Amino acid sequence: MKPLIVINLKTYENGTGYKAKELALIAQEITDARNSNIIFAVQATDIYNISQSVKYPIYAQHIDAIPFGSHTGYILPESVKESGAAGTLLNHSERKITLENLEKSIKRAKDLGLIIIACADTPDEAEAIAAFSPDYIAVEPPELIGGDISISTSKPEVITETIKLVRKVNPDIKILVGAGIKTGKDVKKALELGAVGILLASGVTQAKDPKKVLEDLDI
Ligand code: G3P
């Protein structure tokens, strides 16, 4: 089973606008050649353009649990869906929301058929989120995000503890791990510990040769 590789472009320069599309097209070449399991989480403004250009799923980085109406500046779930998003990240460490709001957002996303990757900073937070039954929970220790030390090598216990706690609440939720992941070795370790894939950003967006990195990650 191929690992699920979720690339979060955040607001990196290389992950914005036409550069985001260039990266997305490189990933398309790789999925075509290797049958990889890749998802890109892009800025809301890039969803339409990129989802029209690639065959693999494009996700939003966030949605707001608001209905149609007077909500200036919010990200409407229907809007990301209509733009071509197949799913969304929620509660990323850089875009935290309250548990109450997360529950509402998950419900809104589910009603629209959007796949949900809910992020958690800790195993305990993952356990609390599991009660809302997102499709995936991605555990990412905030202090390792954007750095060179990966969760797989430095905090394997966070992965095993998250899997244990989430399974008790809902064994159907799949676990992703993120923070500092850069290599196929990190991916291999994450899978050995029971995750189904990884969530990463800087390892690809800041890479000199993103194609090479993606090929290495796709073990
Ligand atoms: O969403 C992915 C993320 O927060 C991890 O970032 O740069 O450590 O791969 P990075």
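Structural notes, computed from the coordinates.

Reading guide: rules and limits
Residues numbered from 1 in each chain as written. Predicted model: local features only at pLDDT ≥ 70, side-chain atom pairs only at ≥ 80, totals over all residues. Heavy atoms only, no water. Pairing = 2+ DSSP bridges. Helix = DSSP H or I, 4+ residues; strand = E, 2+ residues; numbered from the N terminus. Axes fitted to C-alpha atoms, helices over the stretch in contact; angles between N-to-C directions. Contact = heavy atoms within 4.5 Å. Near = heavy atom within 4 Å. Polar contact = N/O pair within 3.5 Å; in protein donor to acceptor, adjacent residues only side chain to side chain. Areas by Shrake-Rupley, 256 points an atom, 1.4 Å probe, with all protein chains shown as cover. Nonpolar A, V, L, I, M, F, W, Y, C, P; charged D, E, K, R; others polar. Phe/Tyr/Trp six-rings, centres within 6.5 Å; stacked < 30°, edge-to-face > 60°. Lys NZ or Arg CZ within 6 Å of the ring centre and 35° of its normal. Salt bridge = Lys/Arg side-chain N within 4 Å of Asp/Glu carboxyl O. Buried < 20%, exposed > 50% of the residue type's maximum accessible area, 1.4 Å probe, protein only. Core = buried A, V, L, I, M, F, W, Y, C linked by side-chain atoms within 4.5 Å. Right-handed = clockwise from strand over helix to strand, strands pointing away.

1. Overview of the sheet that holds strand 2 (residues 37-42)
Neighbouring strands of a sheet are bound in pairs by backbone hydrogen bonds; such pairs are parallel or else antiparallel.
No. 1: In space, the eight strands of this closed barrel follow the order 1-2-3-4-5-6-7-8, with parallel pairing throughout. Along the sheet, successive strands turn relative to each other by an average axial angle of 25°, direction set aside.
No. 2: The pairing of strand 4 (residues 87-90) with strand 5 (residues 115-120) spans four bridges and is classified as parallel. Pairing of Thr-88 across the sheet is with Ile-116, part of strand 5.
No. 3: Strands strand 6 (136-139) and strand 7 (174-178) of the sheet are contacted by helix 7 (residues 156-169), whose axis makes an angle of about 155° with strand 7.

2. Regarding the site of the ligand
No. 1: Surrounding the ligand, one finds Asn-8, Lys-10, His-92, Glu-140, Ile-145, Gly-146, Ala-179, Gly-180, Leu-199, Leu-200, Ala-201 and Ser-202.
No. 2: Gly-180 is positioned with one of its backbone polar atoms (N or O) 2.8 Å from an oxygen atom of the ligand.
No. 3: Side-chain polar atom of Ser-202 to an oxygen atom of the ligand: 2.5 Å apart, as the coordinates give it.
No. 4: Protein contacts shield 100% of the accessible area of the ligand, which totals 300 Å² for the unbound molecule.
No. 5: In terms of residue class, the shell around the ligand is made up of five nonpolar, five polar and two charged.

3. Looking at the packing of aromatic side chains
No. 1: Taken as a whole, this structure holds one aromatic pair when the rule is applied.
No. 2: Looking at Lys-174, its charged tip hangs above the ring of Tyr-136, at a distance of 5.1 Å from the centre.

4. Focus: the pattern of salt bridges
No. 1: Taken as a whole and assessed by the stated rule, the structure comprises 15 salt bridges.
No. 2: A salt bridge links Lys-104 to Glu-100; its shortest N-O distance comes to 4.0 Å. Taken together, the positions of Lys-104 and Glu-100, both in helix 4 (residues 99-112) and four residues apart, correspond to about one turn of that helix.
No. 3: Assessed through its relative accessible area of 48%, Lys-104 is described here as partly exposed.
No. 4: Bridged by salt links that share partners, the residues Lys-2, Arg-34 and Asp-218 form one connected network.

5. A short note on the nonpolar core
No. 1: Core analysis: the biggest nonpolar cluster contains 57 residues, and Phe-40, Ile-137, Val-177, Ile-198 and Leu-217 have the highest contact counts within it.
No. 2: Per element, the largest residue contribution to this core is five residues, and it comes from helix 1 (residues 17-34).
No. 3: Those residues in contact with Leu-217 that lie beyond four places of it in its chain are Pro-3, Ile-5, Ile-181, Lys-182, Thr-183, Gly-184, Val-187, Ile-198, Leu-200 and Val-204.
No. 4: Leu-4, Tyr-136, Ala-138 and Leu-176 belong to the second largest nonpolar core, which has twelve residues in total.

6. Thoughts on the pairing of strand 5
No. 1: Taking burial as the measure, the six residues of strand 5 include five buried ones, the bulk of the element.
No. 2: A crossover connection joins strand 4 to the parallel strand 5 through helix 4; in handedness this β-α-β unit is right-handed.
No. 3: Where strand 5 meets strand 6, four bridges bridge the pair, whose relative direction is parallel. In the strand pairing of strand 6, Ala-118 is matched with Ile-137.
No. 4: After leaving strand 5, the chain enters helix 5 (residues 123-130) and then returns to the sheet as strand 6, a path that is right-handed.

Honestly, it's all geometry; don't read function into it.
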